[in-house]
Amino acid sequence: MTEINIVKDAVKKHGRKRESLMPVLQEIVKQENYLSEERLMEIAKEFDLSSAEVYGVATFYSFLPVKPMGENVIKVCQTIVCDMKGKEAVLDAIKDKLNIVPGQTSADGKFSLMAVNCIGQCSNAPAMLVNDKPYINLTYENVVKIIDEYQS
Amino acid sequence: MPEMVNLKINDISVSVEAGSTILDAAKKANIKIPTLCHHEDLCIAGNCRVCVVEQKGVNALKASCATPAEENMEIFTNTNKVREARKTIIGLLLSEHNNDCLHCYKNGNCELQSMAKDYLVDSDKYISILKNYEIDRSSPSIIKDDSKCIRCQRCVRTCAELQDVNALAVSGKGSEMKISTFMEKPMDYVVCTNCGQCVTHCPTGALVEKNYIDEVWDVLNDPSKHVVVQTAPAVRVGLGEAVGLDAGKSYTGKMVTALKMLGFDAVFDTNFSADLTILEEGTELLTRLKDKIENKKDVALPQFTSCSPGWIKYIEHEFPDILDYLSTCKSPQQMLGPLAKTYYAKSMGIDPKDMVVVSIMPCTAKKFEANRPEMYSSGYKDVDYVITTREFGRMIQQAGIDFETLKDSECDSILGKHTGAGVIFGATGGVMEAALRTAYEIITGREVPFSNLEVTPVRGLEGVKEATIKIEGCKAEWKFLENVELKVAVAHGLSNARPLAAQVQNGESPYHFIEIMACPGGCIAGGGQPMPVNNNIRKKRTEAIYNEDESLQLRKSHENPEVKRIYEDFLEKPLGHKSHELLHTTYTKRKKY
């Protein structure tokens, strides 16, 4: 029964008012990497919201995935500055190394790639996050190296 | 006196209550501003921007539906800047819209289409970025086609505000934003009640009823089939609008003529089975009261009405622990079906396997109800096809019938006679009023103590209505009810039903009998009625219903001669063995999440 407690514990920690929904969703993603159908339903029950509404909230945010994620989650910024400063090269490097495009998970389940909106690194564009650790001033070459580190 | 705000719209001075929007003020000045996301039943969204207007001295255009009118404002609704902006907005909406209007179910009754017509949007200005969406046809009641959705969110607000169901929500963002069910599950899987209010509030063809027009034509053209039809009380007050006439008139006689012209072998009336419902449901209530008060038994009270299939599915999902409180009576539609296939079939010497029961309903949830596994008590599917008032209107048009000039005719016997009590089933409070007219008379032998039988406290569009009736001068067998204050409540719109159901769940309900209709206003504004719908139209249809009741000689269900006859010939007595077999049902616990 420990599994059910993940949601209950998060609710205990953050409360069950409407404004606590986001922290609870974040907490589950932190622990399980994504929001499964079961978790979304449990959360809806705890908050007495419809499960469609909880799903709607989760899908608004890139950081609240509702699909299973790989062990490492790469979030490449797709917003305008990163786009102008060479986001495509970053995606190319990832494609060449891992054979995935945004929205996909590598066949071995080690990496998921997401294109996300601004991560606040415009002055150091292009930028990406790997498991929430920021990497900045990216080029094709240094992205290859970063992925090598995670693969080793 | 409310505080007033004075402003000018297109140089016309207008004065509105503080807090009114520019759109309200324009309406008062008889100036039409186009809207899409706005609906007077719903909260302000301000997301489509098509209602933009120009304010003198202000550069940016304002969404008139979401901007409060202010003192001395000078608003212009028809400048070049405004027209160009609207044209751009409509053009952009169309660039994401499935523009196959000629094959669309809403062709001719689409707010986006009519706006495109008014504003002459260039076809080649924007490239189409329509995505490939899969049409959800899983529900027996509602079809959801995202390719026609303009994301105005009227459906989402309807499902949340009017119905408190929240089966639909906004998912994603930006260009990925869409209207979703939970995890994009099919409509027949989620908590949708099939009420169809999203359908009547959708400005385009994104949400429409699943239509069975061709199936009905097929059986009408099959000489081996004996096809009978029943029409719900509210259909006759909505049908006029469906064939292009004004709201507010009842067309029972013309409707029956039209049905005969379409080729139905027998025309019955759901009003008949509404009267029958009162006998069954009223007796059920009195039995529960007797068990509780006289026999001190632990029975489920208050009793909830069970006529509205949207309400039934709602309570099954949301309050599965209090299903015992529902009357076990089937809805009038589902009472008439098995009687046609048993009693009527036998009396006519027709094999029920060759009989088809079609019902015409103001409702989309009735389509689901007819498909419930419990609804085979005649040994066959009790009601074969359910079509809405809108589908019926379309059949009349396809048949080339000039509805307005039709002569009146009467329903066939023996499932066709009705009283005024059956008619008022179509409006919120009507089932309660009909039940009180009969129950009070059964108990006391006297008419219900309201002038002209009008139980006014349960009438009208207030969300929750209550009445208390003191029972005095009981007949001997009902002595236990002497001086009892019968407390009743009526709610329409599922968001108004929730608090009453919650009270029951918490054991705090002060009532004996509660009527719930899923749709705001009751069946007269059901999910299968003509569009548009608003409170003005609800009032007109309601008035037509009560006028019909008043015009009838018989206004109490127990006085219906055909109801009396069916008990003598066939059913024996209310809640008798045959009734239980054919007219009562069971409910299913469903998941809330």
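> Looking at this structure, I do not really get the pairing of strand 11 (residues 266–269) of chain B. What am I missing?
As a general feature of sheets, a regular strand has side chains that alternate between the two faces. Residues and elements named next belong to chain B. Of the two faces of strand 11, the one holding Ala266 and Phe268 and the one holding Val267 and Asp269 are both buried throughout. Inspection of the sheet shows strand 10 (residues 226–231) paired to strand 11 by four bridges, in the parallel sense. Opposite Val228, over in strand 11, you have Ala266 as the bridge partner.

> Would you take a moment to explain helix 13 (residues 389–398) of chain B for this structure?
A turn of α-helix holds 3.6 residues, and therefore any two residues three or four places apart point the same way. Residues and elements named next belong to chain B. Within helix 13, seven of the 10 residues are buried, leaving the element largely enclosed by the surrounding structure. For helix 13, the complete set of buried residues consists of Thr389, Arg390, Glu391, Phe392, Gly393, Met395 and Ile396. Just downstream of helix 13, Gly400 is the residue with a positive phi angle, here 70 degrees.

> I tried to follow the nonpolar core on my own but got confused; where do I start?
Across soluble globular proteins, you tend to see nonpolar side chains buried next to one another. Residue and element names in this part refer to chain B. One finds Phe264, Leu276, Leu339, Phe392, Phe403, Leu415 and Ile566 to be the most contacted residues of the largest nonpolar core, which totals 68 residues. For this core, the leading source of residues is helix 11 (residues 332–348), giving seven residues. Residues within four places of Phe403 in sequence aside, it is in contact with Leu239, Val243, Leu245, Tyr251, Lys254, Met255, Ala258 and Ile396. Judged by nonpolar contacts, the second largest core, of 45 residues, contains Val237, Ala274, Val484 and Val488.

> Teacher, can you tell me more about the interface of chain A and chain B here?
Accessible area lost upon the coming together of the parts serves often as the stated size of an interface. The partner chain B presents 17 residues to the 19 residues of chain A that form the contact. Approximately 1500 Å² of surface area, both sides summed, lies buried where chain A meets chain B, with 60% of it carried by carbon and sulfur atoms. Counting the surface chain A buries against chain B, the share from its top three residues, A:Glu37, A:Ala52 and A:Tyr55, is 35%. On inspection of chain A and its partner chain B, the count reaches two salt bridges. Secondary structure elements with two or more residues in the side of chain A that touches chain B: helix 3 (37–47) and helix 4 (51–60) of chain A. By residue number, the principal contributor to the side of chain A that touches chain B is helix 4 of chain A, which donates seven residues. The class makeup of the residues in the side of chain A that touches chain B is nine nonpolar, six polar and four charged.

> Honestly, the domain arrangement of chain B in this entry has me stumped. Any pointers?
Along its sequence, chain B is carved into domain 1 (4–78), domain 2 (123–209), domain 3 (215–272 + 333–405) and domain 4 (278–330 + 419–583). Just the C-alpha atoms count here: the centres of domain 1 of chain B and domain 4 of chain B sit 43 Å apart.

> Is there a simple way to think about the environment of B:Leu500 in this case?
Residues and elements named next belong to chain B. Along the chain, Leu500 falls in helix 16 (residues 494–505). Considering only alpha carbons, one finds Leu500 and Val464, 36 residues apart in sequence, at a separation of 8.8 Å. Each residue touching Leu500, except ones within four places of it in the same chain, is listed here: Phe304, Val464, Ala489, Ala491, Tyr511, Ile514 and Ile516.

> I tried to follow the sheet that holds strand 1 (residues 72–77) of chain A on my own but got confused; where do I start?
Sheets are built from strands that pair by backbone hydrogen bonding, the pairs being arranged parallel or antiparallel. All names here are of chain A. Read from one edge to the other, the open sheet built from four strands follows the order 2-1-3-4, with strand pairing classed as mixed. Only two strands of the sheet have a single partner each, and these edge strands are strand 2 (111–116) and strand 4 (133–135). Across the sheet, the mean angle from the axis of one strand to that of its neighbour is 25 degrees, orientation sign disregarded. The pairing of strand 3 (residues 128–130) with strand 4 spans three bridges and is antiparallel. Directly across from Val130, in strand 4, lies its bridge partner Lys133. Across the sheet, helix 6 (residues 87–98) is in contact with strand 1, strand 2 and strand 3; its angle to strand 1 comes to roughly 155 degrees. Along the sheet, helix 7 (residues 140–151) contacts strand 1, strand 2, strand 3 and strand 4; its crossing angle with strand 3, the most-contacted strand, is approximately 10 degrees.

Definitions and limits used
Residues numbered from 1 in each chain as written. Chains lettered and ligands numbered in written order. Predicted model: local features only at pLDDT ≥ 70, side-chain atom pairs only at ≥ 80, totals over all residues. Heavy atoms only, no water. Buried < 20%, exposed > 50% of the residue type's maximum accessible area, 1.4 Å probe, protein only. Helix = DSSP H or I, 4+ residues; strand = E, 2+ residues; numbered from the N terminus. Pairing = 2+ DSSP bridges. Core = buried A, V, L, I, M, F, W, Y, C linked by side-chain atoms within 4.5 Å. Contact = heavy atoms within 4.5 Å. Buried area = accessible area lost by both parts, 1.4 Å probe. Salt bridge = Lys/Arg side-chain N within 4 Å of Asp/Glu carboxyl O. Nonpolar A, V, L, I, M, F, W, Y, C, P; charged D, E, K, R; others polar. Domains from an automatic or database assignment. Axes fitted to C-alpha atoms, helices over the stretch in contact; angles between N-to-C directions.

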